[in-house]
Amino acid sequence: MSDPKPKPKKPRGVAFLLDGKCIACGARCQSVCPVNCVEMTDSGEPIIETAKCIGCQKCVKICPSSALEMFFTPEEQKILAELAATAVPVEEEIDPEAAGLARKLAEYRGVWVFVEQTEGEPAKVSWELLGVGAELATKLGVELCALVIGENVEHLCREAFAHGAAKAYLVDAPVFYHYRTEAYVEASCHLIAKYKPEVILMGATGMGRDLAGAIATRVGTGLTADCTGLSIDDKRNLMQTRPAFGGNIMATIMCDKFRPQMSTVRPNVMPMPVRRDNVDGMIIREEFTVPEESILTKVIEIIRDGHSKNAVDITGAEFIVSGGRGMMGPENFAMLQELADELGGVVGASRSAVDAGWMPGDRQVGQTGKTVRPKIYIACGISGAIQHLVGMQDSDIVIAINRDKNAPIFEVATYGIVGDLFQVIPALTAKIRELKKIEVLT
Ligand SMILES: Cc1cc2nc3c(=O)[nH]c(=O)nc-3n(C[C@H](O)[C@H](O)[C@H](O)COP(=O)(O)OP(=O)(O)OC[C@H]3O[C@@H](n4cnc5c(N)ncnc54)[C@H](O)[C@@H]3O)c2cc1C
Ligand code: SF4
Ligand code: SF4
């Protein structure tokens, strides 16, 4: 009996670009190629180095405009035709690279939120992150955990449980009393290596930005800063949305090949979850420390922001009256202060007003300023550029005063007043005073 005919190997082919079909989507084909054989031209189209192409078809599958196809030589086409004709079952080759990646990603489970603290005082943004973290954890079917590092900070674990965490990883030692990058990175990376979370969220504060960047670099993963939206896709990937190109587009960024997936979110972007009293959780106390002598940074003194008489924290205000270029000059902000005083609020500003030197930088609302979420935001003489809107559009009520009825600010306004702010604002202030007087008399 003769040997059975060896099973022919299915040819893999090489990728090629169809003329005129590429829409220059941003080099998706290049980003997925496992062997880096795709180069992009200045006009954003791919050039495929066919000698290096392994025919994995990843670029073909990801291309949103079906601009890529597989090319087979006449010999390869003949084999394919033979295989089809003889119906020789060709076992679907399992892509070893994809299988290895899937195994690696599956090792990581759980959503972590870094609980930022200074001398035991938590940063509010940590609890806001537990709110969105809970949604992600539910979608992934995993636990929401807090990462607490400091000295004598066990109370923060309980506070994290009250805000939705089921578990807290606690590293508590004198060396962690003050935040120092080296010490906190060591502690965080130790825990990440041991427990392998799939998502880590941190506040986009001075501390969070510093720590997140250092951790991402050390563990070799991606980090998306200043996210305004977080959700999960059907492959367990974190979809991280943030403004890009100066705020003119919203980009959704994924980190689908590395874990953990890391994001920072600015304070007041995510809603504060409802606090639950008497809720318990599990504290995993890690006996980990770093020798003090190995840390080059020494904290000599902490000088807190906001101690000066004129400092105002607009991020915590319930009422904000903001002025833009329409205020015409710094002297007119007194009018906004009067209205803010009547409401028990503070005065904010657009970047134009800050750039003009009419208001200090700490009052700026928007993408490069503060994100605010007051009960009432009154925008006076502010056009409503996207970079301003991203900083205030989640306010409970937005009242816009603008003489241009087509100003974009009206698109996010709960109430819009089309008129001259120099008439409207004094009238509004006078009306509030009048109502207050009636209230006192009755
Ligand atoms: C990368 C980047 C980041 C940015 N970050 C920020 C940011 O953080 N915050 C921010 O605010 N901007 C930011 N900007 C700037 C932003 O694009 C706008 O230029 C800015 O918000 C416009 O400020 P404005 O609305 O005060 O001024 P304008 O756009 O000039 O609007 C003035 C408005 O006042 C109205 N007006 C004039 N006179 C009166 C009157 N008498 N009565 C009633 N209405 C009147 C006008 O109709 C107009 O709508 C950023 C831009 C870039 C590129
Ligand atoms: S088929 Fe695979 S190897 Fe070839 S260019 Fe596309 S992604 Fe790269
Ligand atoms: S993925 Fe498709 S549309 Fe995007 S750059 Fe590559 S060929 Fe062009």
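Our subject in this report is the structure included herewith. These numbers were taken from a predicted model, which means no experiment stands behind them.

The subject of this paragraph is the site of ligand 2. Not every one of the 13 residues close to ligand 2 is listed here, only the nearest: Cys33, Cys53, Cys56, Gln57 and Cys59. Tallied by class, residues from the shell around ligand 2 come to 11 nonpolar, 2 polar and no charged.

With that settled, the discussion passes to the pattern of salt bridges. A side chain of one charge can pair with a side chain of the opposite charge if their charged atoms are brought near each other. Across all of its chains, the model carries 23 salt bridges by this definition. Arg275 is the salt-bridge partner of Asp277, the closest N and O atoms lying 2.3 Å from each other. With relative accessibility at 55%, the residue Asp277 sits in the exposed group. We note a salt bridge from Glu318 to Lys375, for which the minimum N-O separation is 3.3 Å. In this pair, Glu318 sits in the loop between strand S16 (282-285) and strand S17 (319-323) while Lys375 sits in the loop between helix H10 (351-355) and strand S19 (376-380), placing the two residues 57 residues apart along the sequence. Note on Glu318: relative accessible area 40%, which makes it partly exposed. Its relative accessible area of 42% is what places Lys375 among the partly exposed residues. Here the salt bridges share partners, and the residues they tie into one network are Glu338, Glu342, Arg433 and Lys436.

The subject of this paragraph is the sheet that holds S16. Within the open sheet, the 7 strands sit side by side as S11-S15-S10-S5-S8-S9-S16. Their pairing is parallel. Bordering the open sheet on either side are strand S11 (223-224) and S16, each of which pairs with just one other strand. Note: strand S8 (residues 144-150) against strand S9 (residues 167-172), 6 bridges, orientation parallel. The residue of S9 that forms the bridge with Gly150 is Asp172. Strands strand S5 (111-115), S8, strand S10 (199-203) and strand S15 (261-265) of the sheet are contacted by helix H5 (residues 124-140), whose axis makes an angle of about 175 degrees with S5. Packed onto the sheet, helix H6 (residues 154-162) meets S5, S8, S9 and S16 and runs at close to 165 degrees relative to S9.

It is worth spelling out the environment of Thr181 at this point. As for its position among the elements, Thr181 is in helix H7 (residues 181-195). Residue classification places Thr181 among the partly exposed positions, given a relative accessible area of 26%. Taking the C-alpha atoms as reference points, Thr181 and Thr297, separated by 116 residues in sequence, lie 8.4 Å from one another. If near-sequence neighbours (up to four positions away) are discounted, Thr181 is found in contact with Asp210 and Ala214.

Cut-offs used in this document
- Residues numbered from 1 in each chain as written.
- Chains lettered and ligands numbered in written order.
- Predicted model: local features only at pLDDT ≥ 70, side-chain atom pairs only at ≥ 80, totals over all residues.
- Heavy atoms only, no water.
- Near = heavy atom within 4 Å.
- Nonpolar A, V, L, I, M, F, W, Y, C, P; charged D, E, K, R; others polar.
- Salt bridge = Lys/Arg side-chain N within 4 Å of Asp/Glu carboxyl O.
- Buried < 20%, exposed > 50% of the residue type's maximum accessible area, 1.4 Å probe, protein only.
- Helix = DSSP H or I, 4+ residues; strand = E, 2+ residues; numbered from the N terminus.
- Pairing = 2+ DSSP bridges.
- Contact = heavy atoms within 4.5 Å.
- Axes fitted to C-alpha atoms, helices over the stretch in contact; angles between N-to-C directions.

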